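Residue strings, one per chain:
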Amino acid sequence: MSKAKDIDEDQLEVHAPKRAAAGVTGVRVAMQRSLSLMGPTRTARTLLKLNQTDGFDCVSCAWPDPDPENRHAAEFCENGAKAVADEATTDRVTPAFFARHSIEEMAAHDDYWLNMQGRITHPMVKRPGGTHYEPIDWDDAYALIGEHLRTRESPDQATFYTSGRASNEAAFMYQLFTRAYGTNNLPDCSNMCHESSGTALTEAIGIGKGSVSLRDIYDAKCIVIAGQNPGTNHPRMLSALEIAKRRGAKIISVNPLREAGLVNFRNPQVPRGVVGKGTEIADLHLPIRLNGDLALFQGIGRLLVEWDALDHEFIDKHVDGFDSWREHVLAADWDEIEGASGLTRDQIAEAAEIIRESDATIYCWAMGLTQHRNAVASIREICNVALVRGDIGKRGAGLCPVRGHSNVQGDRTMGIWERVPEHFLDSLQAEFGFDPPREHGLDTVDSIRGMRDGKITFFMGLGGNFVKAAPDTEVTADALATTEMTVQVSTKLNRSHLECGDTALILPTMGRTEHNATSAGEQFITVEDSMSAVHASRGVIPPVSEHVRSEIAIIAGIAEATIGDRHGIRWADMAEDYNIIRHHISRVVPGCEEYTHNVDRPGGFVLPHAPRDTRTFETSSGKAELIASPLEVLQVPEGHLVLQTLRSHDQFNTTIYGLSDRYRGIEDGRRVVFMHPDDIAAQGFKDRDMVDLVTRWDDDDVDRVAEKFRIVSYETPRGSAAAYYPETNSLVPLDSTATGSNQPTSKSVIVRAVPAGQGRSDDTGGSQEGVGSDDSHKTDRQPHHLS
Ligand SMILES: Nc1nc2c(c(=O)[nH]1)N[C@H]1C(S)=C(S)[C@@H](COP(=O)(O)OP(=O)(O)OC[C@H]3O[C@@H](n4cnc5c(=O)[nH]c(N)nc54)[C@H](O)[C@@H]3O)O[C@H]1N2
Ligand SMILES: Nc1nc2c(c(=O)[nH]1)N[C@H]1C(S)=C(S)[C@@H](COP(=O)(O)OP(=O)(O)OC[C@H]3O[C@@H](n4cnc5c(=O)[nH]c(N)nc54)[C@H](O)[C@@H]3O)O[C@H]1N2
Ligand code: SF4
Ligand SMILES: [Mo]
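Residues numbered from 1 in each chain as written. Chains lettered and ligands numbered in written order. Predicted model: local features only at pLDDT ≥ 70, side-chain atom pairs only at ≥ 80, totals over all residues. Heavy atoms only, no water.

Taken directly from UniProt, the Sequence similarities (unreviewed entry) text for the chain runs: "Belongs to the prokaryotic molybdopterin-containing oxidoreductase family." (UniProt positions renumbered as here; feature names shortened; annotations may be inferred.)

A. Quick peek at the nonpolar core. If you look at the biggest cluster of nonpolar residues, it comprises 63 residues, and the most contacted ones within it are F160, F177, L507 and W571. When residues of this core are assigned to their parent elements, the largest contribution, 9 residues, is made by helix α7 (residues 168-181). Core analysis: the second largest hydrophobic core is formed by 57 residues, L294, A351, A377 and L387 among them. (Core = buried A, V, L, I, M, F, W, Y, C linked by side-chain atoms within 4.5 Å. Buried < 20%, exposed > 50% of the residue type's maximum accessible area, 1.4 Å probe, protein only. Helix = DSSP H or I, 4+ residues; strand = E, 2+ residues; numbered from the N terminus.)

B. Just the layout of surface pockets, in detail. Approximately 900 Å³ is the volume attributed to the largest pocket. Around the largest pocket, the lining is made up of 32 residues, and of these I207, G208, K209, W417 and P421 lie nearest the centre. Looking at the lining of the largest pocket, the elements with two or more residues in it are α8 (195-205), α21 (408-413), α22 (422-432) and α30 (610-614). For the lining of the largest pocket, the leading source of residues is α8, giving 6 residues. Of the residues assigned to the lining of the largest pocket, the class counts are 12 nonpolar, 13 polar and 7 charged. Residue-level mapping places the lining of the largest pocket at the junction of two domains, with at least three residues from each of domain 1 (124-192 + 407-509 + 547-590) and domain 2 (195-401). The computed volume of the second largest pocket comes to approximately 530 Å³. (1 Å grid on protein atoms, 1.4 Å probe; cavity = no way out; pocket = protein on both sides within 12 Å on 5 of 7 lines; lining within 4 Å. Points joined across faces, edges and corners; volume = space filled by probe spheres on them. Nonpolar A, V, L, I, M, F, W, Y, C, P; charged D, E, K, R; others polar. Domains from an automatic or database assignment.)

C. Fine view of the site of ligand 2. Taken together, 30 residues sit near ligand 2, with Y161, A469, E551, T654 and Y725 positioned nearest. A distance of 3.1 Å separates an oxygen atom of ligand 2 from a polar backbone atom of G464. A distance of 3.1 Å separates an oxygen atom of ligand 2 from a polar atom in the side chain of N653. Within the complex, the protein chains bury 96% of what would otherwise be the 930 Å² of accessible surface of ligand 2. A class-by-class count of the residues in the shell around ligand 2 yields 9 nonpolar, 16 polar and 5 charged. Three or more residues apiece are contributed to the shell around ligand 2 by two domains, here domain 1 (124-192 + 407-509 + 547-590) and domain 3 (641-761). (Near = heavy atom within 4 Å. Polar contact = N/O pair within 3.5 Å; in protein donor to acceptor, adjacent residues only side chain to side chain. Areas by Shrake-Rupley, 256 points an atom, 1.4 Å probe, with all protein chains shown as cover.)

D. Spotlight on the site of ligand 1. Every one of the 31 residues lining ligand 1 counts as a neighbour, but N255, E259, N291, D293 and N653 are closest to it. Contacts to ligand 1 include N229, whose backbone N or O atom sits 2.8 Å from an oxygen atom. Contacts to ligand 1 include T232, whose backbone N or O atom sits 3.2 Å from a nitrogen atom. Burial of ligand 1 by the surrounding chains reaches 99%, relative to a free accessible area of 920 Å². Every element with two or more residues in the shell around ligand 1 is listed here: α10 (230-233), α19 (367-370), β26 (641-646) and β27 (651-652). Partitioning the shell around ligand 1 into residue classes produces 11 nonpolar, 16 polar and 4 charged.

E. A nonpolar patch on the surface, seen in detail. Among the surface-exposed residues, V27, M31 and L35 lie close enough to one another that they form a single nonpolar patch of about 230 Å² accessible area. Among the structural elements, L35 can be located in helix α1 (residues 23-47). (Patch = residues over 30% accessible without salt bridge, like charges linked within 9 Å, V, L, I, M, F, W, Y side chains within 5 Å. Salt bridge = Lys/Arg side-chain N within 4 Å of Asp/Glu carboxyl O.)

F. Expanded view of the pairing of strand β31 (residues 672-675). Side chains of β31 alternate between two faces, with V672 and F674 and V673 and M675 buried alike. Examined bridge by bridge, β31 and strand β33 (residues 702-713) share 4 bridges and lie parallel to one another. Paired with M675 across the strands is S713, a residue of β33. Here β31 pairs with strand β34 (residues 720-724) via 2 bridges, running antiparallel. Considered in β34, the bridge of V673 is made with A723. (Pairing = 2+ DSSP bridges.)

See below:
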């Protein structure tokens, strides 16, 4: 009956990596996937409305849309189409499916199989001790949740996670419910994504969001792209880079890997891209060692100071802390910089030279920067360089953290944040007349600790796949299993339905592709992209089943069953007429005055951003803050590698669409570890050998193991390895987080490879060449940093 087979890793094929991204292959793959999952009618109905002003916002990444007058008829990329096909699939997971498959049996399948079963059609419950999910009425489900939440000793025993696909309306209602219930425990995927960016930017410029628009990208003279793989994760960014290139911009790529889209791009939307050679994107590629970015940007800073290539007028007027930063970078040691970055002084000078020549530079970054222990310091260093060049609040220049999930930025704007500012809580209080909790809540990592330690007994996920997205898979799974109740609002089956609490609910929801009518008529939702543009999104196809509900209806149902009309909040009315939610938003959320009106015009509106709009900075000094950070160098013991955990071209986070990481040449398998040929040899292995990956975290003295990975010889700096997320999440220790943001360090896991089968044995240390005695690994085998 099942629609897909589990992955057979023996089918793995390894080809030479591709140099160019997109082109006809991208179009072909997108169409094939769409037709096979959705059929021709749904393919046409959805794709023609994808990212159009009268259609729906792409469910994949947060890259912005061009102005309404400049949109193509096909304003999407291969991976946007795959995401739509994945949601709008015609396959269904029905009560009969759950009757056939016990939880134990489903758990024996892999994540690819789980997702391929299709869309969930009915609310389901697993009762304590149950082996199967059974159908449950919506009202009974709400009552069960309400009963549980009302009988907690403290609201802080519950935690409410959000994944970044939730609409602004759903997010606003969810945080309202959580706070009206009495807790700020609002962890979200952002805690694992751009938390480090938000922290660094708020300290540096007073606002945690990027400062550029799409027009700025077109107008930039130089664009630095660090720790980001746009060809796969933000594919239409390449179209914008192509425009910038044609207008003369220089592009610098900072990445351990030579990612296809950064090297060459064949735009499938223009004939020359389909048939021609495409556009060479990067003018300079810096193959940086993992976690070398702090050193690189200090090196660039040092050269800019030495060359006096600084915007003194801007610094005098707008910048605080310049003198101490200047002293600091002038003292930076070139040997250390070269060692930490793996780059030569000449390479760094070449980059600095391009930045010096440009009077408008944009700095883009993503997970390659945010998921390290010193991530906040590294991003601060990027801000430092941008600020001393005056590259903010002017055309063609600025800071551009490229967001992941399509509405992750909007969810934060709407108050999904365990540490939301006081003024937001004041507005909430003024609007709804209750006293919201003021104490900070728990983020993702602290929620896991809370569950593990028995302090949290209830987990709810508004979307997402918590157990696979979070670090330390086994620890997180055990933590969820200790809870009394887990509630997952989901579209598709995933591991978080199987690693669950005593009572577990699956509440199936409509996706963004589906149109949504209530007794008050057709409804639309709103979203915010990575560049602070907010606009409407209207679904176009019928909901998967008459039994699924919108996220907004589900939140309203749970709220009514839990707190009823305690604060006089009109939950049911909001769920009928989303304009009521938008009116509340307009009075609570800064920058959203006239929200109802502004979101409903083509292209929507752009939220205010003081540094971008007026070069003003809402920091304590009233100026942009330069901060000098000690140059930390990741120390890697002999025989060990730094492992980054990244995305293939055929997945969306924990959702595995297929088995083709086309650009990197990997087909029909996912358990691979990319290594430099010399590292392979030095560790006594050969290409394609099967290994286990082991990491030792001294804090708990536990070896974490991920088994059975094929070694693939790859162009990556020596000492820097790579493997796919989420297969490697079991290696990321829960307590290994970024200083200042508590974000898991998924891009710098210190591992050693051992022959397959030996990872779980007691004494793997001794079997490794170049690794000291057992005593030595207590001090050597974990990441620590020199100051
Ligand atoms: N198709 C698709 N699109 C997506 C997603 C998806 O899974 N699939 N996920 C969405 C989400 S939630 C997010 S957050 C974004 C993620 O978008 P990305 O951040 O592009 O995602 P990753 O695959 O994690 O890639 C990280 C990149 O950083 C590089 N890198 C790793 N470590 C370092 C380092 O220390 N320094 C430098 N300079 N580079 C480094 C890697 O080689 C890789 O190119 O994409 C979003 N879009
Ligand atoms: N090792 C490692 N770990 C990482 C990362 C990494 O790079 N390396 N990246 C981190 C990052 S950047 C992120 S953002 C997180 C992602 O963490 P999450 O956001 O938690 O994970 P996703 O895989 O995006 O969630 C997929 C699930 O969302 C549900 N879903 C899809 N669409 C909808 C919808 O419209 N509504 C609802 N209610 N549910 C829906 C489906 O059931 C699907 O199974 O993972 C983080 N974890
Ligand atoms: S770039 Fe991102 S938002 Fe745009 S179509 Fe592609 S996946 Fe969707
Ligand atoms: Mo993300």
